[in-house]
Amino acid sequence: DAGITQSPRHKVTETGTPVTLRCHQTENHRYMYWYRQDPGHGLRLIHYSYGVKDTDKGEVSDGYSVSRSKTEDFLLTLESATSSQTSVYFCAISSNTDQPQHFGDGTRLSIL
Amino acid sequence: QQQVKQSPQSLIVQKGGISIINCAYENTAFDYFPWYQQFPGKGPALLIAIRPDVSEKKEGRFTISFNKSAKQFSLHIMDSQPGDSATYFCAAFLSPNAGKSTFGDGTTLTVKP
């Protein structure tokens, strides 16, 4: 299995609080991605990174920000969490854009 | 905008039968088509993938059939087993644009013993 660790694995928080999810990889892959998975919507791309300090928006980026200060770490931040952001969040990595993406085991986030 | 449409949403197959899941895409620039398998509580895991220059790829009991002219591709699981019960996602990638990966909504497969 690809060396991807997501933390925390579960989190419950309240509306309006800031939340940061972490993705850590040991594969030295250039590309890292954040997805959210909701029933009936498959996986939707939030943000992605193509190198240290290089990030771009995906399909559903509103309300989220990301940072990548090291190759191995990609952080997803919800500045002020809303109930609509309750979801399962997956991090993925790939060595190049024409190579498969490998996923972590996800973070289940509940916002009350 | 749904760029990859996956069907059926759920599928029940008897042990030993053939499971078939279909996907249709719109953007002819997509150039990489993976299938992922996901078990409850785990992340999606790459199962098999194909590029548009081939019409079929087989790995063990899993086969992808690709029809470029129809903009469709499908996953066939031969001799389906209860352990294959999972959710399956098709996807379409557009290299070199990392932001253009798109996934189908998933198919929940149940293989009855």
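Everything quoted here is computed from the prediction, not taken from an experiment. (Residues numbered from 1 in each chain as written. Chains lettered and ligands numbered in written order. Predicted model: local features only at pLDDT ≥ 70, side-chain atom pairs only at ≥ 80, totals over all residues. Heavy atoms only, no water.)

**Examining the pattern of salt bridges**
- Summed over the entire model, instances satisfying the criterion amount to 7 salt bridges over all chains.
- Measuring nitrogen to oxygen at the nearest pair gives 3.3 Å for the salt bridge that ties A:Lys70 to A:Asp73.
- The closest approach of N and O atoms between B:Lys42 and A:Asp105, which form a salt bridge, is 3.2 Å. One end of the pair, B:Lys42, is in the loop between strand S4 (33-38) and strand S5 (45-50); the other, A:Asp105, is in the loop between strand S10 (102-103) and strand S11 (107-111), on a second chain.
- The structure contains a network of salt bridges with shared partners spanning A:Arg22, A:Lys70 and A:Asp73. (Salt bridge = Lys/Arg side-chain N within 4 Å of Asp/Glu carboxyl O. Helix = DSSP H or I, 4+ residues; strand = E, 2+ residues; numbered from the N terminus.)

**Some details on the layout of surface pockets**
- A volume near 640 Å³ is recorded for the largest pocket.
- Elements with a minimum of two residues in the lining of the largest pocket: strand S4 (31-38), strand S9 (87-94) and S11 of chain A together with strand S9 (86-92) of chain B.
- Along the lines of polarity and charge, the residues of the lining of the largest pocket split into 9 nonpolar, 16 polar and 6 charged. (1 Å grid on protein atoms, 1.4 Å probe; cavity = no way out; pocket = protein on both sides within 12 Å on 5 of 7 lines; lining within 4 Å. Points joined across faces, edges and corners; volume = space filled by probe spheres on them. Nonpolar A, V, L, I, M, F, W, Y, C, P; charged D, E, K, R; others polar.)

**Overview of the pairing of strand S1 (residues 4-7) of chain A**
Residues and elements named next belong to chain A.
- The side-chain alternation of S1 yields one buried face, formed by Ile4 and Gln6, and one unburied face, formed by Thr5 and Ser7.
- Here S1 pairs with strand S3 (residues 19-25) via 4 bridges, running antiparallel. For Ile4, the partnering residue across the bridge sits in S3 and is Gln25. (Buried < 20%, exposed > 50% of the residue type's maximum accessible area, 1.4 Å probe, protein only. Pairing = 2+ DSSP bridges.)

**Quick notes on the confidence of the model for chain A**
- Summing up the model confidence of chain A, the mean pLDDT is 94 and the portion of residues at 70 or higher is 98%.
- Here strand S5 (residues 42-51) of chain A stands out as the least confident element of chain A, with mean pLDDT 94; S3(A) is the most confident, with 98. (pLDDT = per-residue confidence, 0-100.)

**With respect to the nonpolar core**
- Among the nonpolar cores identified, the biggest contains 25 residues, and B:Tyr25, B:Phe33, B:Trp35, B:Phe73, B:Leu75, B:Tyr88 and B:Leu109 are the most heavily contacted of them.
- The greatest single-element share of this core, amounting to 4 residues, is contributed by S9(B).
- The residues touching B:Tyr25, leaving out its near neighbours within four places in the chain, are B:Gln3, B:Val4, B:Phe30, B:Phe33, B:Phe66, B:Lys68, B:Lys71, B:Gln72 and B:Phe73.
- Counting residues in hydrophobic clusters, the runner-up holds 19 residues, among them A:Trp34, A:Ile46, A:Tyr64 and A:Ile111. (Core = buried A, V, L, I, M, F, W, Y, C linked by side-chain atoms within 4.5 Å. Contact = heavy atoms within 4.5 Å.)

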